[in-house]
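Residue strings, one per chain:
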Amino acid sequence: GLLIDDILNIACDGGATNDVLINATGVEPLTYRIIEMNGEPVMIDNGTGNIFYGLETASYLLQVEDPCGTIVPMNFNVNDLPSLVTANTAPDIILCDAGNDGEEEFNLAAQVAFVLDNQDPDFVTITLHASENDAEAGVNPLPLSDTYTSGNATIYARATHSANPDCVSISQFELILQDAPSLEMDDFYALCEGQSTTVTAPEGYESYEWSTGDTSQSVTFTESGNYTITATNENGCQTTHSFTVTMTAIPHIAQIDITDWTTAENTINVIVEPSQYPQEFEYSLDGFIYQDSPLFTNLT
């Protein structure tokens, strides 16, 4: 069978004339000729050459013939022909801005396949650039072996034909960061022996998921342990915060040991009753000034 696979404009110079490549498969040798231009008879016999040079911008009727006399016709308009290379538009990359610091790591290498699409990588080279000027000049290509750290940005893709380096196509796509939930919460929460404590996540998010299985904004804890809260916003971005609830003993003063009973050099030592829970207490004589040690010195 004889088949015309595709017709490409390979001039790539934006001029008034065009070089047109015919890709056809069949029994060789194939012959190529144009028999109409804008609906009027014309004869451009190209013999076995599959490139028509210097065609005007017009509509043509092409014929390809094999040695058996089989003829396959095809109409084409030069204005409608794809270029020798095309930098197809890759989809935007949208990431959640974890930590809301204005930067994330983007995988640019995955974009090359979208820009290349069905073109032969042996003939078309794809490079990515941070500016349109760099893309047009073909300089400062971005590395594709590692992730690219960036905020919101426009990335320019350049497609270059290996046999004709002047044949270039440029497209662009966006790097977009979306805000993630901001969980301004404590890392530690105290739980008094025999009591409960309530932990509340910041309001305004679509959903909440606690490691306890709760889905409300606030959760009441009665046991110590390590927990997490994951909040999801309207963009679908999530932030997880880990925290610890620590059970502490309620202080019960068992006795006060008094030593060195003098005019101004007295001390007391506060003895609390033992407990199975941590006893991280602070001590005060006036209810305003506290200290970590149960020992008070230089008392009158």
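Data block above holds the structure.
Report follows, based on the coordinates. Only a predicted model underlies this, so the values are computations on that prediction, with no experimental measurement involved.

## Observations regarding the packing of aromatic side chains
Now for step 1: The full count for this structure, using the stated rule, is eight aromatic pairs.
Now for step 2: When the ring of F221 is compared with that of Y227, the centres are 4.5 Å apart and the planes differ by 55°; the resulting orientation is tilted.
Now for step 3: Taking the relative accessible area as the measure of exposure, Y227 reaches 14% and is therefore buried.
Now for step 4: Relative to F243, the ring of Y227 lies with its centre 5.9 Å away and its plane at 25°, an arrangement referred to as stacked. Taken as a pair, Y227 in strand β18 (residues 225–232) and F243 in strand β19 (residues 238–248) lie far apart in primary sequence, 16 residues in all. Across the pair, exposure class does not vary: Y227 and F243 are buried alike.

## Quick notes on unusual backbone geometry
Now for step 1: The step from E28 to P29 runs through a cis peptide bond, and the omega angle for that step is 0°.
Now for step 2: One can find P29 in the loop between β2 (17–25) and β3 (31–37).
Now for step 3: One non-glycine residue, N100, lies in positive phi territory at about 50°.
Now for step 4: By the secondary structure assignment, N100 is in the loop between β8 (93–97) and β9 (104–106).
Now for step 5: Take N100: its relative accessible area is 32%, and that puts it in the partly exposed class.
Now for step 6: Positive phi values are uncommon outside glycine, yet N298 reaches one of about 55°.
Now for step 7: Within the secondary structure, N298 is located in strand β24 (residues 295–299).

The rules behind these values
- Residues numbered from 1 in each chain as written.
- Predicted model: local features only at pLDDT ≥ 70, side-chain atom pairs only at ≥ 80, totals over all residues.
- Heavy atoms only, no water.
- Phe/Tyr/Trp six-rings, centres within 6.5 Å; stacked < 30°, edge-to-face > 60°.
- Buried < 20%, exposed > 50% of the residue type's maximum accessible area, 1.4 Å probe, protein only.
- Helix = DSSP H or I, 4+ residues; strand = E, 2+ residues; numbered from the N terminus.

Everything listed is a geometric property; what it means functionally is a separate question.
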